[in-house]
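Coordinate analysis (summary)
For reference, the chains in residue letters:
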Amino acid sequence: MTLVQDVICGPLPAVAAEPLPAPALTDEEALALNDQLEALTTNYFSALDEGRYSDAFATADDAMTGGATLSDWSEQQKRFQASAGAVTERRIGRLTWYSNPPNAPFGHYGAVDYVASRAVQDECGYLIWYRPSVDAALRLIRQETTLLPVSYTHLTLPTTPYV
């Protein structure tokens, strides 16, 4: 038998307080944030389309980039653009806000659905922007993309933003 004593001399370390949930967004607050969400999304895609990878990278959280360096992430974006072709048209569709969704850190999440016509393949997908509190800036934490043959260019999204 072995006896091990765990003794701490002095005051106990402070226990970090659990973060509080962000206040739920009202419909009015969500609608007011839609312009900001669209502007961030437009700027992000413009930076990618124009090869300003450092500008696009600056809006993304480590969760989005996987901890990649700017150089590695930029090369990944260049390879994607080469395989899919240049964007000929992109449309932002539905905007949806979530407050404190289950199994995710507390905060507000803005989802942006989009479609894009490209020279080689068409693209549809969504972006997720996140802010942990009302006074925090929105950061891009996720992008999901699906590529489709160009013959699917008839795909459309609703242009009216939703909450």
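Quick note: structure is the one above.
To keep things clear, this report deals only with the structure shown in the data block.

Comments concerning helix α4 (residues 70-84)
Across its 15 residues, α4 extends 21 Å between first and last C-alpha, which sits within 8% of the 21 Å expected from 1.5 Å per residue. If you check which residues of α4 are buried, you get W73, S74, Q77, Q81 and A84. Seen end-on, α4 carries its buried residues on one side only, within an arc spanning 100 degrees. For α4, exposure combined with an orientation more than 90 degrees from the buried face picks out R79 and A82. On its buried face, α4 sits against α1 (27-49), α2 (53-59), α3 (62-65), β2 (108-118), β3 (121-131) and β4 (139-149). Where α4 ends, the next residue or the one after it, G85, has phi of about 90 degrees, a positive value.

Section: unusual backbone geometry
Not every positive phi belongs to a glycine, and N100 is a case in point at roughly 50 degrees. Looking at where N100 falls in the secondary structure, it is placed in the loop between β1 (87-99) and β2. Unusually for a residue other than glycine, N103 sits at a positive phi of about 60 degrees. Secondary-structure assignment places N103 in the loop between β1 and β2.

Scoring rules and cut-offs
- Residues numbered from 1 in each chain as written.
- Predicted model: local features only at pLDDT ≥ 70, side-chain atom pairs only at ≥ 80, totals over all residues.
- Heavy atoms only, no water.
- Helix = DSSP H or I, 4+ residues; strand = E, 2+ residues; numbered from the N terminus.
- Expected span 1.5 Å × (residues − 1).
- Buried < 20%, exposed > 50% of the residue type's maximum accessible area, 1.4 Å probe, protein only.
- Arc of directions from axis to C-beta.
- Contact = heavy atoms within 4.5 Å.

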